[in-house]
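Listed below are the residues making up each chain.
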Amino acid sequence: MTATNELVLVINAGSSSIKFSLFEAGAGADPVLLYKGLADGIYVEPKFTAKDAADNKLVADAIPGTAKNHDEALRHMLAWLNGVINGRKIAVIGHRVVHGGVKFSKPVRIDAAVITELEKLIPLAPLHEPHNITPIKILQGLLPDVPQVACFDTAFHANQPELNQLYALPYEFSQQEGIRRYGFHGLSYEYIASVLPQIDARAANGRTVVAHLGNGSSMAALLECKGIASTMGFTALEGLPMGTRTGSIDAGVVLHLLNHLKMDAKQIETLLYKQSGLLGLSGISSDMRDLRSSKEARAKLATDYFVSRIARETGSLAAALQGIDALVFTAGIGENDTETRAEVCAQLAWLGVILDPAANAVRSGEPRRISSDDSKVAVYVVPTNEELMIARQSEACVH
Ligand code: ADP
C-alpha cells in the first residue's frame, strides 16, 4: 500500500447484512481492492468476517454488544478497518442505493437535502431503500468529515426511451406519481458496459443483452453500451423469476389474492417477494445449487421455468434492440451455473446461438467466450464487479 493513494470504502447494506470493500484509489488507474467482508445476522446473531484481496480469511468473529443493530455492526467494522489501515484516512465512502427515482440519474454526493430526497423514495423500494439509508446516517455521525456518495442501481437505465419506461396506465401516473419502469442492477450493467469494449468491440458498438442472474435476477438490452430496455420495472419484482420473487405476474392475480383469498397487503408482499420464484415452484430451495443437485421433479420444474423465462426475455430484448450481437451471463448463477447457460443457449438456437460446450464447462474468474466460432451471437461469461463500479463512481464524484 502506498501511503499517498486515497482509500475508498464501499458499503452495500441490506436488512440484516452490511457488505464492505476497501479500495485504494490508483492514480489515473482503477481502484485496487485491499479488503472485503461483511457483517451479517445483524438482528439475530451478528457476525463479522473479513478477507484480503486474495480471498484469505483474516477474521471471523461475533460482533459484541446487546443492541444487535446496524450501528453496532458498523462500529465493529470501522474498528477493524482502523486497525488494518494503520492511521490512514478513508477519503470517501460510496454506498449502493437501490432506488434513485426520477431525480438521481448519476452518483451524488450526500448531504442533508439528498437524504431527505432518498427518504422520499422509500415507498418505491420499501424492502431495500431504508437499509441503504441507515448506514449513511450512522456513518455521518461516526465519520463526519468523510464525504459520502450514493451510487444508484436505477441510474444506468435512466435514459431508456420513454416507451420502455412507461406502463399503459393513464399517462399522469408516470408523470405525477413516478409509476414507471426504472430498472435495477444498474451498477452491474454499468460495470459490464465498462469492460465490454475490451472483450468484444463489435458488441460494445452494437447490440448486447446482459443476463444478471443471482438471487435477484434481471436482464438488460445495451445499445452501444447504453441501457435501452430492462426486465425489471417499477420495483425489483418484475421480469424474471428469482430466488424467492415471482418476476412478472398478471396484476389481476394480486387483485384476486386481495379480493377473493382475502390476503392483506403485507401477506401478499411476503408471498410475492419471499415465498415465490425458485423457492415457491420447487418447494425445496431458492438456491440454484440445491436445485441442480436435487432429483425432485419440482426442482427441475423450477429451473425449467427460470430458463424458459430467460430465453423468452432474450427474444423480447433482442426485439427492442432490433437484433443481437452478443449475450452476456453474469452474477452468481450466470457466472457459475453451466447448466443454466447451456439450457438458455439451446433455447436460443433459433437466434443463431451456438454454444461451445467445452468453453462453457471452463471454471474461471475471468471474462470468457462460451459460444462456438460459427455462432451468430457471441456468448460470454463476464464476472460482474458492482463494488468496483461504486468505488470508481465515488472517487470520480468527489474529485
Ligand atoms: P445476490 O443477488 O444475492 O448478489 P449472487 O449473485 O451471489 O446473488 O447469486 C446467488 C445465486 O448464485 C444462488 O442461486 C446460488 O445458488 C448461485 N450460485 C452460486 N455459485 C453457484 C455454482 N457454483 N453453481 C450454480 N449456482 C451457483
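Here the structure is shown first, and the text comes after it.
So, a few notes on the structure that sits alongside this text.

Conventions and cut-offs
Residues numbered from 1 in each chain as written. Predicted model: local features only at pLDDT ≥ 70, side-chain atom pairs only at ≥ 80, totals over all residues. Heavy atoms only, no water. Near = heavy atom within 4 Å. Polar contact = N/O pair within 3.5 Å; in protein donor to acceptor, adjacent residues only side chain to side chain. Areas by Shrake-Rupley, 256 points an atom, 1.4 Å probe, with all protein chains shown as cover. Helix = DSSP H or I, 4+ residues; strand = E, 2+ residues; numbered from the N terminus. Nonpolar A, V, L, I, M, F, W, Y, C, P; charged D, E, K, R; others polar. Phe/Tyr/Trp six-rings, centres within 6.5 Å; stacked < 30°, edge-to-face > 60°. Salt bridge = Lys/Arg side-chain N within 4 Å of Asp/Glu carboxyl O. Buried < 20%, exposed > 50% of the residue type's maximum accessible area, 1.4 Å probe, protein only. 1 Å grid on protein atoms, 1.4 Å probe; cavity = no way out; pocket = protein on both sides within 12 Å on 5 of 7 lines; lining within 4 Å. Points joined across faces, edges and corners; volume = space filled by probe spheres on them. Expected span 1.5 Å × (residues − 1).

**Looking at the site of the ligand**
As a matter of local geometry, the ligand sits amid Gly214, Asn215, Gly216, Asp287, Met288, Arg289, Ala331, Gly332, Ile333, Asn336 and Asp337. Asn215 places a polar side-chain atom, nitrogen or oxygen, 2.8 Å from an oxygen atom of the ligand. Starting from 580 Å² of accessible surface for the ligand in isolation, the protein chains cover 71%. Those elements that place two or more of their residues in the shell around the ligand are α11 (288-293) and α13 (331-336). Among the elements that take part in the shell around the ligand, α13 stands out by supplying four residues, more than any other. A breakdown of the residues in the shell around the ligand according to their chemical character gives three nonpolar, five polar and three charged.

**As for the packing of aromatic side chains**
Enumeration over the complete set of coordinates arrives at seven aromatic pairs. Among the aromatic residues, ring-to-ring pairing joins Phe20, Tyr35, Phe48 and Trp80 into one connected group.

**Quick look at the pattern of salt bridges**
As enumerated under the stated definition, the model contains 19 salt bridges in all. The partner of Arg88 in a salt bridge is Glu24, with the nearest N and O atoms 3.3 Å apart. Here Arg88, found in the loop between α1 (70-85) and β6 (90-97), pairs with Glu24, found in strand β2 (residues 18-26); they are 64 residues apart in sequence, far enough to count as distant. Residue classification places Arg88 among the buried residues on the basis of a relative accessible area of 16%. The class of Glu24 is buried, set by a relative accessible area of 9%.

**Focus: empty space enclosed by the protein**
Counted under the stated rule, the structure contains one cavity of 30 Å³ or more. In this structure, the largest cavity is lined by Leu124, Ala125, Pro126, Leu127, His128, Phe184, Thr235, Ala236 and Tyr273. In terms of residue class, the lining of the largest cavity is made up of seven nonpolar, two polar and no charged.

**Let's talk about α1**
Taking 1.5 Å of rise per residue, 16 residues should cover 22 Å, and α1 covers 22 Å from first to last C-alpha, within 8% of that figure. Within α1 the residues assigned to the buried category are His70, Glu72, Ala73, Leu74, His76, Met77, Leu78, Trp80, Leu81 and Ile85. Its side-chain oxygen placed 3.3 Å from the backbone nitrogen of Asp71, Asn69 serves as the N-cap of α1. A positive backbone phi angle near 60 degrees is found at Asn86, which sits one or two residues after α1.

**Some points on unusual backbone geometry**
Positive phi, close to 60 degrees, is recorded for His185, a residue that is not glycine. Mapped onto the secondary structure, His185 falls in the loop between α5 (171-176) and α6 (186-199). Relative accessible area serves as the criterion here: at 10%, His185 is assigned to the buried category. The backbone of Ala331 shows a phi angle near 70 degrees, a positive value even though the residue is not glycine. Within the fold, Ala331 resides in helix α13. Overall, the relative accessible area of 6% leaves Ala331 in the buried class.

**Observations concerning the layout of surface pockets**
Estimates place the volume of the second largest pocket at around 590 Å³. Around the second largest pocket, the lining comprises 17 residues; the ones closest to its centre are Phe234, Thr235, Leu237, Val254 and Leu272. Among the elements of the structure, α8 (251-259) and α9 (265-274) are those that each provide at least two residues to the lining of the second largest pocket. In terms of residue count, the dominant contributor to the lining of the second largest pocket is α9 (three residues). Among the residues forming the lining of the second largest pocket, the class breakdown is eleven nonpolar, four polar and two charged.

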